[in-house]
Structures are given as C-alpha cells and as structure tokens.
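# Survey of secondary and tertiary structure
Letter by letter, the chains look like this.
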Amino acid sequence: MDIQISRAELVRTLAATQDLVCPVVAGHGKRVAIFSSLIAEALGYTTKERERLMLAAELHDIGCFTLSITEMKDLHAFDVLAPEKHCAVGYILLSQSALFKDITNTILHHHVHWDATKGFDIEGNPIPLDAYIIHLADRIDISITNKHQILTEMKRIIKTITELSGTLFCPKVVRAFEDASARDAFWLHGVHSEYSTVGLQDTGEMLSTPQLLELVDILTLAIDYKSRFTSTHSSGVAASAVELGKLAGFKDTLHLQLAGQLHDLGKLIVPNEILEKNGPLTDEERAVIETHPFYTFSMLNQAKGLRDIARTASFHQDKLNGRGYPFRPVPEEYDIPARILAISDIFTALTEDRPYRAGLDESSVLGIMRKMTDELHLDPAIFALVESNYNHLNAVRHAAQIEAGNRYEEFWRETAAIMEHIHPVHRPPDN
Ligand SMILES: [Fe+2]
Ligand SMILES: [Fe+2]
Ligand SMILES: [Fe+2]
C-alpha cells in the first residue's frame, strides 16, 4: 500500500507528542515558534531561515518524554536547573532523520546561557543564533501566567528579559525582541496562536517511503524509550504483525509495520510513575492507562495520510466479543489488520522479557491465548496462525527486540556522552 503523507503533517504529529507528554503547557511548541519567528523577522531572517527556525522551535522540547514529572516541573521555572537531558535526547532523536540535519544543533543548545557560551560551544564551534532565539522565546512563554490580559502582563515580561541581556540572553536577540515586542500584535499572535497567521506552512511536500519510515522510527523511539519497561515493545509488536500479515497472505505489510510501531503512541500521556509502578494500580491509575488507545487514535487521525493506520493501531485493546476498550468496534469495523495487531500486542506482551519477569514459555503463552480465543476475545483464524507457526513467529519477534534493545543501550550511552559536552549554564556565585 502506498502511504501518502506530507512532511508537514508528520512533523505536526511529532510536535503534538510534546503536548501529550506535558499537557499543562499544551501548545508551547507552537507559541515558541511564533515568538521566535517574529524575533527573527526583526533580525532580518529570510523566509527560508524563519522556516528552519520555526521547525526547530516546534520540536525543541521533543526530548521531554524521558523526564519524570519532577524533572518536567523544573523546565517551567524561569531559571532551569538541569535542562541537559531533554536537550541531548532531543538532539539524538532528531539526528535519526536527515530531514532535521539543519536543526539538531539548535535543539541541543536551546537552553545555553549567553554569558556561559558567548556564541560558542564547549569545543569552540559556533552555536546557531537560532538556539539563542528559541531560548528567549521559550522563556517568554514560560513567563506568561494567563492570570491577566497579556497586554498588561507584557510590560513585566519585557522588563525581566531586557534586564537579563548579556547574561542569560544574547544581547543581539534581546534587541530584536525589544523591536518586535513593541507591537501588541507580537503578544497576541503568541497567546492566541490558534488564530495566528504566523507558523509553519504546509508546502504539500510529500514524504518518500524511506523518509516516512525515518520519521515513524523517531516516534517509535519516543514511545518505547519513555520507560525502560517498554523499551523494545513496539519493535516486537511491529515484527510480529508483519510476520502474521505475511502468514495471512498480505503481500504488502507496510501498513502493519507502521501500525505496530505506533500502536502505543497514546501511552505518552501516561506518567512514568504509573507505567513503572511497583505494585497494584489504583482504579484511577488504571483509568489513565486505559485512555491510551484513544490518544493513539486522536493523534494519528489528525494526519490525513495516517487515518487507516490510526484505526488499525488503536483497536489493540478491543476484543472481537465487544468487551474490550475504549472503542468497542462492531466486527465489520474490526478488520483483519486490526485483529492481527491486537494478537501481535498480546503475543509480544506475553513472550517478551520485562525488567521484573522473564517472558513466558510456549505452553503458557498458547494456553492463555487459546483461552482468550475460546472467549472470542481473539480472532480464531489468526490465533491458529500463531499456534502453527509459534517458533518462527517467536524467533522473528525475539530478534527484533534484541536489535531494539541494543539500540536502546547505545542511545543512552550516546546521550550520557553528549550531556557531558553541552556547555554548562551560567550560575551566579553563591554569596
Ligand atoms: Fe526546553
Ligand atoms: Fe520549551
Ligand atoms: Fe497498548
């Protein structure tokens, strides 16, 4: 199946993951993109340069999915104590696709203080001006309380920022901010971003299949690396779904591959404190987890090119007997790809090793799945394929998860190395 999706649509899906991860600052990326673009206009940026800057601004906090709630709260303080982790994670994550090669350095340095860097990183390479613009725009957004009309709040914010010119902020960027922010419209564009005409435009540029795979890969890493408990799960589900698809006679399995990779996208809304809880979940915590297929659907369905995948991916907690959650599709809606995906999810969950227990053996897995099939939870014809191809299917799943596990270890090794190389932020001496 040829999946037609524009670059802008998938970038928007990527950017929207930040709102799932941190709903209290929903829309932050878009507002930072608008403020950045208006400051860049005052700096004389060309349209093309502003497009590059807005892309970086939309995605600047993409690394936040690895943070705990406490670490996330730190980012909402005006002077962030430990920004390095989300900057390094965002940098490595976006380095997975050539589409982002012009913005990765900006993402890495979007919290550096001007007086600690004076425009150069720790190895003496220039830090992009874009990074200093985003840093300032980011702090504008964090300073807006929404308790008062923005046109009364703006004076206080302008004062705070101009006082920090030459220490926290790059003086050249502060001067451009002063020019741009003198117009009330600067503030109104940002605060009412849903009505603003400033922002990333959809040029209609379509993604090639390799580009699509690169971007979906980035989303998959964000889903799986949120917690070490789930660090290879989507890779296992995707590999199982593709293999079951082939056994069921599908010639093209790209759809199943992508649905497998993306099925737990909505889990980004579940705090790690719940995902990794050691002990039984409360009703409230279970209810939060049970929302996740809904968010998978809503996020993917926003992109026209991903609507079929949204359906296949988000029915994975539903059942053939209509007793699953949250959609309860009628059997005609619950098509073969969705049934394959649901079985792949359960098969992977039972067979994979988790940090707190080893994967189950063949007879236990088949015993559990047979019972589910007898209750018409699972599709009998697809379960029969699992039963008669168990060893092959499990070997394919296992190999995919071993590979994903090695990549996970490498990702964190690289992140640790890069965190040491980000220029330290300025700290006034204690007195
Ligand atoms: Fe940030
Ligand atoms: Fe931010
Ligand atoms: Fe799930």
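Structure: see above.
Attention here is on the structure that accompanies the text. Here the structure is a predicted model, which means the values were calculated and not measured.

### Regarding helix H9 (residues 150-163)
The α-helix advances 3.6 residues per turn, and as a result positions three or four apart in sequence lie on the same side. For H9, with 14 residues, the first-to-last C-alpha span of 20 Å sits near the 20 Å given by 1.5 Å per residue. Burial in H9 covers these residues: Ile150, Glu153, Met154, Ile157 and Ile161. Turning to H9, the residues buried within the fold contact helix H8 (129-143), helix H10 (171-181) and helix H11 (184-191). With a side-chain oxygen positioned 3.0 Å from the backbone nitrogen of Leu151, the residue opening H9 is Gln149.

### Remarks on the coordination of the iron ion (ligand 1)
The iron ion (ligand 1) binds to the protein through Asp61 (OD), His86 (NE2), His110 (NE2) and His111 (NE2), with metal-donor distances spanning 2.2 to 2.3 Å. Around the iron ion (ligand 1) sit four donor atoms; with metal-centred angles ranging over 86 to 177°, the donor geometry is irregular. Within one chain, the residues serving as donors to the iron ion (ligand 1) are arranged as D-x24-H-x23-H-H. Between the two metals, the iron ion (ligand 1) and the iron ion (ligand 2), the spacing is 3.6 Å, and Asp61 donates to both.

### Some words on the environment of Leu94
Relative to the elements of secondary structure, Leu94 occurs in helix H5 (residues 84-94). The spacing of Leu94 and Thr104 is ten residues in sequence and 6.3 Å in space, taken between C-alpha atoms. Apart from the residues lying within four places of it in its own chain, the contact partners of Leu94 are Leu59, Ile62, Phe100, Ile103, Thr104, Ile107 and Ile218.

### Some points on the side chain of Ser314
With respect to the helices and strands, Ser314 occurs in helix H18 (residues 307-314). A relative accessible area of 0% means that Ser314 is categorised as buried. A polar side-chain atom of Ser314 sits 2.6 Å from the main-chain carbonyl oxygen of Ala310. Here Ser314 is in contact with Pro293, Thr296, Phe297 and Phe327, once residues within four sequence places are set aside.

### Considerations on the environment of His255
Residue position: His255 is located in helix H14 (residues 254-262). Judged by its relative accessible area of 8%, His255 is buried. Along the chain, His255 and Ala238 lie 17 residues apart, while their C-alpha atoms are 9.9 Å from each other. At 2.6 Å, the side chain of His255 and the side chain of Thr312 are in polar contact.

### Section: the packing of helix H1 (residues 7-21) against helix H3 (residues 47-59)
Between two packed helices, what matters for the description is the angle formed by their axes and the separation of those axes. In contact at an axis separation of 8 Å, H1 and H3 are set at 35° when each is read in the N-to-C sense. From H1, Arg7, Val11, Leu14, Ala15 and Gln18 reach across to H3, where they touch Leu55, Glu58 and Leu59. Residues belonging to the contact of H1 with H3 are distributed by class as follows: five nonpolar, one polar and two charged.

### Notes on the pattern of salt bridges
Counted by the stated rule, this structure contains 17 salt bridges. Two residues, Lys159 and Glu163, come together in a salt bridge whose shortest N-O distance is 3.2 Å. Here Lys159 and its partner Glu163 are both found in helix H9, four residues apart, which amounts to about one turn of the helix. We note that Lys159, like Glu163, is exposed. The shortest N-O distance in the salt bridge between Lys267 and Asp264 comes to 3.6 Å. A residue is classified by how much of its surface remains accessible, and Lys267, at 18% relative accessible area, is buried.

### A look at the coordination of the iron ion (ligand 2)
In this structure, His28 (NE2), His60 (NE2), Asp61 (OD) and Asp138 (OD) serve as the protein donors to the iron ion (ligand 2), at separations of 2.1 to 2.3 Å. For His60, a relative accessible area of 0% gives the class buried. On the accessibility criterion, Asp138 (1% relative accessible area) is buried.

Rules behind the numbers
- Residues numbered from 1 in each chain as written.
- Chains lettered and ligands numbered in written order.
- Predicted model: local features only at pLDDT ≥ 70, side-chain atom pairs only at ≥ 80, totals over all residues.
- Heavy atoms only, no water.
- Helix = DSSP H or I, 4+ residues; strand = E, 2+ residues; numbered from the N terminus.
- Expected span 1.5 Å × (residues − 1).
- Buried < 20%, exposed > 50% of the residue type's maximum accessible area, 1.4 Å probe, protein only.
- Contact = heavy atoms within 4.5 Å.
- Polar contact = N/O pair within 3.5 Å; in protein donor to acceptor, adjacent residues only side chain to side chain.
- Donors = N, O, S within 2.8 Å, 3.2 Å for Na, K, Ca; no water.
- Tetrahedral: all angles 85-135°; square planar, octahedral: opposite > 155°, others 65-115°.
- Axes fitted to C-alpha atoms, helices over the stretch in contact; angles between N-to-C directions.
- Nonpolar A, V, L, I, M, F, W, Y, C, P; charged D, E, K, R; others polar.
- Salt bridge = Lys/Arg side-chain N within 4 Å of Asp/Glu carboxyl O.

Shape descriptors only; they carry no functional weight alone.
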